[in-house]
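Understanding the architecture of this molecule
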Amino acid sequence: MEIPADIRVLSEQIYQYQKGVRQMVLCTFHKRHEALAVKKLNSQGIDYIIQPVGNGRINLYFGRKACVNTIQHLVKRPLRDLTPEEDFMLGALLGYDITLQCERYCKRKCTCNGNCENCKKAI
């Protein structure tokens, strides 16, 4: 049986988590792979939460317990609907480049569409 690409990616992300490269991971994939993903995480004793995305897809967050607990409080609606502050915190938890997260936050927070002096200086 061929291993689905989503599960191969999940396996690599689990490996990175176990090696300390990541503290928190977000995977998005088809719901049909949920049972296999959960089995892999449970067998490794890794904390996780699953949130439906729509179109038969799910977001699977996994990582350190404190991070997973924070996600449960933070992400209660679709990612596109997060406030700039929630989006910033999620990116920081996932280990995204902090400078890029700051730039993203400022662009989302500002209503100038990138045309004010502060936005022009950030570029």
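Summary of the structure given here. (Residues numbered from 1 in each chain as written. Predicted model: local features only at pLDDT ≥ 70, side-chain atom pairs only at ≥ 80, totals over all residues. Heavy atoms only, no water.)

**Section: the layout of surface pockets**
Taken as a whole, the largest pocket holds about 160 Å³ of empty space. Of all elements in the fold, only β2 (47–54) and β3 (57–63) reach the threshold of two or more residues within the lining of the largest pocket. Here the lining of the largest pocket gets three residues from one element, more than from any other, and that element is β2. (1 Å grid on protein atoms, 1.4 Å probe; cavity = no way out; pocket = protein on both sides within 12 Å on 5 of 7 lines; lining within 4 Å. Points joined across faces, edges and corners; volume = space filled by probe spheres on them. Helix = DSSP H or I, 4+ residues; strand = E, 2+ residues; numbered from the N terminus.)

**Thoughts on the packing of aromatic side chains**
Centre-to-centre distance and the angle between the planes together describe a pair of aromatic rings. Within the structure shown, the criterion is met by two aromatic pairs. Ring centres 6.1 Å apart and planes at 85 degrees place the aromatic pair Tyr17 and Phe62 in the edge-to-face group. One end of the pair, Tyr17, is in helix α1 (residues 5–18); the other, Phe62, is in strand β3, with 45 residues separating them in the sequence. With a relative accessible area of 17%, Tyr17 lands in the buried category. Taking the centre distance of 6.0 Å and the plane angle of 70 degrees together, the rings of Phe88 and Tyr105 count as edge-to-face. Remark: Tyr105 occurs in helix α5 (residues 98–109) and Phe88 occurs in helix α4 (residues 84–93); sequence separation between them is 17 residues. Looking at Phe88, the relative accessible area reads 24%, which means it is partly exposed. Exposure remark for Tyr105: the relative accessible area of 25% places this residue in the partly exposed category. (Phe/Tyr/Trp six-rings, centres within 6.5 Å; stacked < 30°, edge-to-face > 60°. Buried < 20%, exposed > 50% of the residue type's maximum accessible area, 1.4 Å probe, protein only.)

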